[in-house]
Protein chains: 2
Amino acid sequence: MENPNSIGTVETQYVTFDNLTLCSGKELRKVIVAYETYGKLNASKSNAILIDHAFTGDAHAAGFHKGAEKPGWWDSMIGPGKAFDTNKYFVICSNVLGGCAGTTGPSSINPQNNKRYALDFPFITISDMVVLQKKLTDFLGIEKLLSVAGGSMGGMQVLQWAVSFPEKIRSAIPISTTMKHSPQQIAFNEVARQAIMADADWNDGDYYGKRQPVKGLSVARMMGHITYMSDKSMEDKFSRDLKNRNYSFSFNPDFEVEGYLNYQGSVFVKRFDANSYLYITKAMDYFDVSGNNFLKKDTDNINFLIISFASDWLYLPYQSEEIIRTLALSNCKATYIEIKSSYGHDAFLIEIEDETKLIRHFLSKLYKEVGSA
Amino acid sequence: MENPNSIGTVETQYVTFDNLTLCSGKELRKVIVAYETYGKLNASKSNAILIDHAFTGDAHAAGFHKGAEKPGWWDSMIGPGKAFDTNKYFVICSNVLGGCAGTTGPSSINPQNNKRYALDFPFITISDMVVLQKKLTDFLGIEKLLSVAGGSMGGMQVLQWAVSFPEKIRSAIPISTTMKHSPQQIAFNEVARQAIMADADWNDGDYYGKRQPVKGLSVARMMGHITYMSDKSMEDKFSRDLKNRNYSFSFNPDFEVEGYLNYQGSVFVKRFDANSYLYITKAMDYFDVSGNNFLKKDTDNINFLIISFASDWLYLPYQSEEIIRTLALSNCKATYIEIKSSYGHDAFLIEIEDETKLIRHFLSKLYKEVGSA
């Protein structure tokens, strides 16, 4: 498992904040944040980069947990000599508010009654997630981030950082993302929510310690997976290949693609909380930093590197183009690249070579300007 | 309701066939077909056109049922002076085998035990649907159809007619369709099936006279609706408009698009049978008339008019192009038109003006050749 390109063995850390005031005005007490860091913070604290994870991601972005065979979700991008070079940069990744991988969410214990929150968990926004991340970077003693980067919902958090704390970031790398969900994106999320809530075991969110709504959550995940791939990448991977030689003439999966989706669903329900799925999709749907909601003209200069992928039909290239159009009204510098790829939305996790070239160069230039003290 | 452009009041008719041998070798007894006809069969019986309906359609393609406010599903295309001109042509439409609108399907009574078939219903194919339609046209005394036309799954039946009974059709109009489902299309169907089967009320298909699996079926339909529209048509119709002034901070629908989908789901479950959904989607997934499965070189000449729509991402234009490429190896004549439209897959039900021009001209030319005795 240990190799020169890997950050090696890592451990998730936890910090608890006494309270967090949400956009809605509600307050959360004893908020835990699960996070990991890779590399070393330099003396001038100018080399810190925050990585924001996508919808169902977690704090474990790189390296290996002790004994684990699989590395973190963006290990191909984070490590010695990689795009986010841990020989140079101090990289942080934390699980989002509302998540289920260590950070406080609906499956957490409510300190006010020692029961799981379930639907007593307050509604959260992408902005609330970012405010909590800001508390984490404050806790780590970082005055200003060299960069904040992430794909998909991670990219939304990146954009939100630019809106909420423009003076706290030197650069932003939103990848495969949008300033707001289109009705089609809202529609997919709503179908997923209805699939979960249709499961009798969901029980109005009160399923902890009982039967989990695994069927509904699995359906939601299966549909999600269709939107993460492209028509072409599905054709390349599965075509009409059968699991067995002949049609089963049953409602069992006949085609490889069916087997794949059912497997993905069954694996997902073991690691993800159905209520987190509901809360976080709602946060994404509410997110809107378009037009006048975005950066004000008089905000600090931020350097933007915006990346989209040609075959991504979940977060389409035109949505990245909208970011660059909106940035034209600000003092920020921005570069936009649409990478050719057939992998659909998943491309931001797959097209490592192109992403690495772009991000390495972008960060390197920036870091030289800042001075690597 | 009656107007000079409408075929007026119509009634669904029924015919029962003693038996139907399926592709699988199984036999169905006492098979009922629900059908409607519009216009008059001419003396030489050369003016008959069969319309094949899409997945959840029915035999009621045109005119009004007594007292009804809404006409049949393709009334804009079928009637006096319309694309399928009932002043000239004798138009037939029947509910497909496996359906739930009058033709025998899983919700029908099994004559062998007087119970609903449920999952005792045998697996069916698009070819079985077409064999039953052939029985209907035989029953109506039609030797050779002037044309067979349909969109989506209707288009699959059109292609299957050309494969199964090339000598029985003079022309074929497959619209917004494919020679085989891509893995993405199979994937959407599989998620829909899993959504239905995840509903505890589905009860292994044995829900007749009990609680219906309305939640699962509604989720399936909601997802279907996303695939019937385009990103652009959803933006044009809904954008991010809210149902109420503010976010609800609840899991109720906030956005117009959510309200629309939930409404579509709730209406659908009142008219469609969940087991029919399962059987028919499987028939679509199994369907494959691509390559060597298509027309043989020595088959009769058939005139093809193939239509696709630019923004259709469920049945993509490249899939129609595959039909025309395959036809190049046959004796058939073929014209292919991709109509510009932003309506996605629904376009074949909406872009009436363009479709009418193409189809009227195509049929008219053909009918002159045949001679209108």
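Residues numbered from 1 in each chain as written. Chains lettered and ligands numbered in written order. Predicted model: local features only at pLDDT ≥ 70, side-chain atom pairs only at ≥ 80, totals over all residues.

S.K.: I keep staring at the sheet that holds strand 11 (residues 147-151) of chain B and nothing clicks. Help me out?
M.R.: Strand pairing in a sheet relies on backbone hydrogen bonds, with the paired strands running either antiparallel or parallel. Residues and elements named next belong to chain B. In space, the 8 strands of this open sheet follow the order 2-3-8-4-11-12-13-14, with mixed pairing throughout. Whereas interior strands pair on both sides, the edge strands pair on one side only; in this sheet they are strand 2 (13-21) and strand 14 (333-339). The mean inter-strand angle of the sheet, taken between neighbouring strand axes irrespective of direction, is 20 degrees. Across 3 bridges, the pairing between strand 12 (residues 171-175) and strand 13 (residues 303-309) is parallel. In the strand pairing of strand 13, I175 is matched with I307. Helix 1 (residues 126-139) contacts strand 2, strand 3 (27-38), strand 4 (48-52) and strand 8 (90-94) of the sheet and is inclined by roughly 125 degrees relative to strand 2. (Pairing = 2+ DSSP bridges. Helix = DSSP H or I, 4+ residues; strand = E, 2+ residues; numbered from the N terminus. Axes fitted to C-alpha atoms, helices over the stretch in contact; angles between N-to-C directions. Contact = placed C-beta atoms within 7 Å.)

S.K.: Would you explain the domain arrangement of chain A in this entry?
M.R.: Quite often, the size of an interface is put as the accessible area lost when its parts meet. Residues and elements named next belong to chain A. Split into domains, chain A comes out as domain 1 (13-181 + 289-370) and domain 2 (185-283). Each partner contributes residues to the interface: domain 1 has 25 residues there, and domain 2 has 21 residues. Across the side of domain 1 that touches domain 2, the residue classes break down as 12 nonpolar, 11 polar and 2 charged. (Domains from an automatic or database assignment. Nonpolar A, V, L, I, M, F, W, Y, C, P; charged D, E, K, R; others polar.)

S.K.: Would you explain the relation of the copies chain A and chain B in this entry?
M.R.: One copy of the chain maps onto the second through a rotation about an axis and a displacement along it. For the pair chain A and chain B, the relating rotation is 180 degrees, the translation along its axis is 0.0 Å, and the fit reaches an RMSD of 0.0 Å. The operation mapping one copy onto its partner corresponds to a two-fold rotation axis. The share of interface residues of chain A whose copies in chain B are also at the interface is 100%, consistent with both copies meeting through the same surface. (Least-squares fit on C-alpha atoms with pLDDT ≥ 70 in both.)

S.K.: How should the nonpolar core be read in this particular structure?
M.R.: Ranked by size, the top nonpolar core spans 224 residues in total, and within it V191(A) and V191(B) carry the most contacts. The residues touching V191(A), leaving out its near neighbours within four places in the chain, are M223(A), V219(B), M222(B), M223(B), I226(B) and L261(B). (Core = buried A, V, L, I, M, F, W, Y, C linked by C-beta atoms within 7 Å. Buried ≥ 20, exposed ≤ 12 C-beta atoms within 10 Å, placed from the backbone.)

S.K.: Looking at this structure, how should I read the pairing of strand 14 of chain B?
M.R.: Moving residue by residue along a regular strand, the side chains alternate between the two faces of the sheet. All names here are of chain B. As defined by bridge partners, strand 13 adjoins strand 14 across 7 bridges and the pair is classed as parallel. Its bridge partner lying in strand 14, N303 is registered against K333. With helix 8 (residues 317-327) bridging strand 13 and its parallel neighbour strand 14, the resulting β-α-β unit is right-handed. (Right-handed = clockwise from strand over helix to strand, strands pointing away.)

S.K.: Where do I start with the interface of chain A and chain B in this structure?
M.R.: Listed as interface residues are 41 residues of chain A and, on the opposing side, 41 residues of chain B. Looking at the side of chain A that touches chain B, the elements that each hand over two or more residues are helix 3 (183-198), helix 4 (214-228), helix 5 (231-237), helix 6 (256-271) and helix 7 (274-286) of chain A. In terms of residue count, helix 3 of chain A provides more of the side of chain A that touches chain B than any other element does, 12 residues in total. Looking at the side of chain A that touches chain B residue by residue, the classes come out as 25 nonpolar, 6 polar and 10 charged.

S.K.: How should the environment of H225(A) be read in this particular structure?
M.R.: Residue and element names in this part refer to chain A. Within the element layout of this structure, H225 appears in helix 4. Taking the number of C-beta atoms within 10 Å as the measure of exposure, H225 has 20 and is therefore buried. When the C-alpha positions of H225 and Q264 are compared, they lie 8.0 Å apart, and in sequence the two are 39 residues distant. For H225, the contacting residues outside a window of four places in its chain are L261 and Q264.

S.K.: I'm lost on unusual backbone geometry in this one. Help?
M.R.: Most peptide bonds take the trans configuration, and most residues that are not glycine carry a negative phi. Residues and elements named next belong to chain A. Even without a glycine there, the phi angle at K45 is positive, about 55 degrees. By the secondary structure assignment, K45 is in the loop between strand 2 (27-38) and strand 3 (48-52). A positive phi angle, near 55 degrees, is found at N203, a position not held by glycine. With 15 C-beta atoms counted inside 10 Å, the residue N203 sits in the partly exposed group.

S.K.: Looking at this structure, I do not really get helix 8 (residues 317-327) of chain A. What am I missing?
M.R.: Residue and element names in this part refer to chain A. Residues of helix 8 that are buried include every one of Q319, S320, I323, T326 and L327, and no others. Burial along helix 8 is one-sided: seen end-on, the buried residues are contained in an arc of 120 degrees. Of the surrounding elements, those touching the buried residues of helix 8 are strand 10 (171-175), strand 11 (303-309) and strand 12 (333-339). (Arc of directions from axis to C-beta.)

S.K.: Mind showing me how you'd approach the packing of helix 1 of chain B against helix 2 (residues 153-164) of chain B here?
M.R.: Geometrically, a packed helix pair is captured by the angle between its two axes and the distance between the axes. Residue and element names in this part refer to chain B. Running from N to C, helix 1 and helix 2 cross one another at 75 degrees; their axes reach a closest spacing of 9 Å. Considering their axes alone, helix 1 and helix 2 lie roughly perpendicular with respect to each other. Along the contact surface, helix 1 presents I126, S127, M129, V130 and V131, while helix 2 presents M156, Q157, Q160, W161 and S164. Here the residues of the contact of helix 1 with helix 2 are counted per class, giving 6 nonpolar, 4 polar and no charged. (Parallel < 35°, antiparallel > 145°, perpendicular 65-115°, else oblique.)

S.K.: Whenever I open this one, the packing of helix 4 of chain A against helix 6 of chain A confuses me. Can you help?
M.R.: All names here are of chain A. Interaxial distance between helix 4 and helix 6 falls to 8 Å at its minimum, and their mutual angle equals 125 degrees. As the angle between them shows, helix 4 and helix 6 are arranged oblique. Every pair of crossing elements has a handedness; the one defined by helix 4 and helix 6 is right-handed. Contacts between helix 4 and helix 6 pair V214, L217, S218, V219, R221, M222 and H225 from the former with L261, Q264, G265, S266, F268 and V269 from the latter. Classifying every residue of the contact of helix 4 with helix 6 gives 7 nonpolar, 5 polar and 1 charged. (Left-handed = near helix turned anticlockwise from the far one by under 90°.)

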